[in-house]
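Structural overview
Single-letter residue listing:
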Amino acid sequence: MDKGYKVQVEDLHKRFGDNEVLKGVNLDVKNNEVVCMIGPSGSGKSTFLRCLNKLEDPTSGHVYIDSYDISDPKTNIDEVRQNIGMVFQHFNLFPHLNVLRNITLAPTQLKKVDETKAEKQAMHYLDIVGLTKKAQAMPSQLSGGQQQRVAIARALAMQPDVMLFDEPTSALDPEMVGDVLAVMKQLAQQGMTMIVVTHEMGFAKSVADRVVFFHDGLIQEEGTPEEVFDHPKQPATQSFLDKVL
Ligand code: ADP
Ligand code: MG
């Protein structure tokens, strides 16, 4: 993979039976770049993100993450996944573990970080998401927004090279959305490489280095936020923005 890139996707196809969901997607993401993906429901955004860490197996095409060719069957996908932080719409915290343990589990089990060090690091990431006071709480005692911030801290604790977000605020009550977006904005400013699928156009406008418009299994248009939001070239982009802005 070319130096300076964290993610390179070449001609990615994904088919479910007769349904071709990804029709040849190309996307390169540079180190420290924040790419926001927008587009209608059903256009293949989640499938695309899931192909990046092989939660879905691409039908054809190539995906490189950091130095790994994840399309190569010899690549150790568990090792790659440890370097990719993923945050979903539904936070999926372990309900029977407290916040601290949710965060230390993967580093202690997968990376063999010792417990004391893992807890210290967990407190650091809880500080980043503004939740040090909730370290001992159980997930059920937290609001949706707080749970999502714990999920972000949990992903960060693996010290990933790249963070993938799939509509991280879509399931939240409106008053919770701002805190989660603020954490993501802070990560972006600290140089985290991020791909964010979002319906939060304000976030995309102010945080994205690049906005990608996904439609019908393809990237139909991409550019700076100004280019895509203020001067969309494709009719499909225009009509999508007319509906959501
Ligand atoms: P988006 O995230 O943009 O809303 P998705 O990637 O979730 O779009 O879905 C795109 C299309 O892929 C939809 O038609 C959906 O039904 C189909 N799809 C997604 N996952 C599966 C699956 N596991 N099996 C069959 N079809 C799927
Ligand atoms: Mg989706």
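This text goes with the structure placed above it.
This text gives an overview of the structure that appears in the document. (Residues numbered from 1 in each chain as written. Chains lettered and ligands numbered in written order. Predicted model: local features only at pLDDT ≥ 70, side-chain atom pairs only at ≥ 80, totals over all residues. Heavy atoms only, no water.)

Let's shift gears to the sheet that holds strand S4 (residues 60-65). The strands that make up a sheet are held in pairs by hydrogen bonds between backbone atoms, and each pair lies either parallel or antiparallel. Sheet architecture is open: 4 strands sit in the order S2-S1-S4-S5, paired in antiparallel fashion. Of all strands in the sheet, those with a lone pairing partner are strand S2 (19-30) and strand S5 (68-69), marking the two edges. As judged from the 2 bridges shared by S4 and S5, these two strands associate in the antiparallel manner. Counterpart to Ile 65 in the pairing with S5 is Tyr 68. (Pairing = 2+ DSSP bridges. Helix = DSSP H or I, 4+ residues; strand = E, 2+ residues; numbered from the N terminus.)

What follows concerns the site of ligand 1. The full set of residues close to ligand 1 is Phe 16, Asn 19, Val 21, Pro 40, Ser 41, Gly 42, Ser 43, Gly 44, Lys 45, Ser 46, Thr 47 and Glu 56. Gly 44 places a polar main-chain atom, nitrogen or oxygen, 3.0 Å from an oxygen atom of ligand 1. Taking 560 Å² as the accessible area of ligand 1 by itself, protein coverage stands at 59%. Contributions of two or more residues to the shell around ligand 1 are made by S2 and helix H1 (45-52). It is H1 that provides the largest number of residues to the shell around ligand 1, a total of 3 residues. The residue makeup of the shell around ligand 1, split by class, is 3 nonpolar, 7 polar and 2 charged. (Near = heavy atom within 4 Å. Polar contact = N/O pair within 3.5 Å; in protein donor to acceptor, adjacent residues only side chain to side chain. Areas by Shrake-Rupley, 256 points an atom, 1.4 Å probe, with all protein chains shown as cover. Nonpolar A, V, L, I, M, F, W, Y, C, P; charged D, E, K, R; others polar.)

When strand S1 (residues 5-16) meets S2, the two strands line up antiparallel, connected through 9 bridges. Bridge assignment links Phe 16 to a residue of S2, and that residue is Asn 19. Adjacent in sequence and paired antiparallel, S1 and S2 are bridged by 2 residues, among which Gly 17 carries a positive phi angle near 60 degrees. Across 5 bridges, the pairing between S1 and S4 is antiparallel. Of the residues in S4, the one forming a bridge with Val 7 is Ile 65.

A few words now on the environment of Leu 156. Checked against the element boundaries, Leu 156 lands in helix H5 (residues 144-156). In this structure, the C-alpha to C-alpha distance between Leu 156 and Met 176, residues 20 residues apart in sequence, is 20 Å.

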